[in-house]
Amino acid sequence: MSINSFPALVARSDNGALHVALDTVDSSLLAEGDVLVRVSYSSLNYKDALGVSGKEKIFRTYPIIPGIDYAGTVEHSESDNFKSGDFVLLTGWGVGEKHSGGFARYARAPAKYLLPLPPGMNAKKAMLCGTAGLTAALCVSALTDSGRLPAGGKVVVSGASGGVGSVAVMLLSRLNYAVSAVSRLSAGDYLHELGATDVITREEMSAQSRPLEKSRWDGAVDCVGGGVLGRILAETNYGGVVAACGLAGDTDLATTVMPFILRGVRLEGVDLVMISLDRRRRAWQLLAETLNDEDYRRINAGNIALSDIPHAADKVLAGEFNGRYLVEIGTN
């Protein structure tokens, strides 16, 4: 099925110079696939911000529609798995990087990339979570499924006021863990509202650590990497578990083998792009079953239009806001 004219944010390269602008396009710019989706919402994730701003080479082809996730309604399907009118969502699989993604009125994808919206979740809620929320759910599952996290244990979340961190704080607190949040002190009220018991400054957790520090944490969700992750590992209790999913601070990891061989700490890497549909379903179900309407309100940093994305991307990279930007593309 072909669509002749609809709005999209398009990234183009002109002799190596990146240009990102709102444009009117047709379906020839969409990804390959057997399902056409009328997009209601997308979200502005850290990876989207890196790509749109040109801070990192996220896009692998040009021209491309950015947006690594979206939710909406099936417009047309050539797959037996979906029919017109079904509510679906997509995250990962290289969408918005290798193939055109969600920052457009329409998106197209193979049926094997799509999931039905879980019970209790609509398209708006799905994208208030988005890729960041799904990553948080996978991190929390990595901790709880490990058999290493005691009931009511102490967990630290770094990058806590960002998208992944905000949802991780909420999920862990709703599951009755004591959550310490690492962020700027100005985000303290917001993080306490999400369920954090205390807020630790970025500066404290960024300070160089010894190979082993005083034990503090039964588990951790790290969205930052670098020295922060190194300190978290050095402060994790015997038999503790750390889920690492981000590199907002640094890609390097300054640590030694001591946390692993003297305290038996486990470091779990969390990938989102290529994980199985079954793991995605279980993570989305965790979000749907754990978060309530007030939680979604708390993490909503604001609804933005396609044309607002480049400016909002700068705020994401600067860490100037709390929670998640919801990209409102069309709800009718």
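Refer to the structure above for everything that follows.
What comes next is a walk through the structure. Within each chain, residues carry numbers counting from 1 in the order of the written sequence. Residues qualify for local features only when their pLDDT is at least 70, as the model is predicted, and side-chain atom pairs are given and counted only at 80 or more; totals for whole chains, interfaces and linings, by contrast, use all residues. Hydrogen atoms and water are omitted, and side-chain values are computed over all heavy atoms in the structure.

A word on the overall build of the chain
Then step 1. Numbering of helices and strands starts at the N terminus; helices are DSSP runs of H or I of at least 4 residues and strands are runs of E of at least 2. A tally of regular secondary structure across the chain gives 10 helices and 15 strands.
Then step 2. A globule of 332 residues ought to have a C-alpha radius of gyration of about 20 Å, and the chain, at 20 Å, matches this closely.
Then step 3. Taken along its principal axes, the extent of the C-alpha atoms in the chain is 60 × 45 × 35 Å.
Then step 4. Accessible area is worked out with a 1.4 Å probe on protein chains only. A residue is then buried under 20% of its type maximum, exposed over 50%, and partly exposed in between. The burial tally for the chain puts 55% of its 332 residues in the buried class.
Then step 5. We call two residues contacting when some pair of their heavy atoms lies within 4.5 Å. Of the contacts made within the chain by residues no fewer than 6 positions apart, 71% connect residues no fewer than 24 positions apart.
Then step 6. For the chain, the distance from the average position of its 32 positive side-chain charges to the average position of its 36 negative side-chain charges is 3 Å. With C-alpha atoms as the basis for the radius of gyration, the globule rule is written as 2.2 Å multiplied by the number of residues raised to the power 0.38. Charge counting treats Lys and Arg as positive and Asp and Glu as negative, with His and both chain ends excluded. All charge positions are set by atom: Lys at NZ, Arg at CZ, Asp at CG, Glu at CD.

Regarding the packing of helix α2 (residues 123–144) against helix α3 (residues 163–174)
Then step 1. Fitting a line to C-alpha atoms yields each axis, with helices limited to the stretch in contact; the angle taken between N-to-C directions then spans 0 to 180 degrees. The N-to-C vectors of α2 and α3 enclose an angle of 45°; their axes lie 8 Å apart at closest approach. Comparing their axes, α3 and α2 come out oblique. Considering only the axes of α2 and α3, their crossing is right-handed. On α3, the residues that touch A132, G133, T135, A136, A137, V140 and L143 of α2 are G163, V164, V167, A168, L171 and L172.
Then step 2. Gly falls in the polar group here, along with every residue not listed as nonpolar (Ala, Val, Leu, Ile, Met, Phe, Trp, Tyr, Cys, Pro) or charged (Asp, Glu, Lys, Arg). Per-class residue counts for the contact of α2 with α3 are 10 nonpolar, three polar and no charged. Comment on the angle field: the value is read as roughly parallel under 35 degrees, roughly antiparallel over 145, roughly perpendicular from 65 to 115, and oblique elsewhere. Throughout, a crossing is termed right-handed when the near helix is turned clockwise from the far one, and left-handed when it is turned anticlockwise from it by less than a right angle.

Describing the sheet that holds strand β11 (residues 217–222)
Then step 1. Should DSSP find at least two bridges between two strands, the strands are regarded as paired. Pairing in this open sheet of six strands is parallel, and the strands run β10-β9-β8-β11-β12-β13 from one edge to the other. Sheet topology places β10 (198–201) and β13 (266–269) at the edges, where each strand pairs with a single neighbour. Here the average twist between neighbouring strands, direction ignored, is 20°.
Then step 2. The sheet contacts of α3 involve β8 (154–157), β9 (178–183) and β11, and relative to β8 the element is tilted by about 165°.

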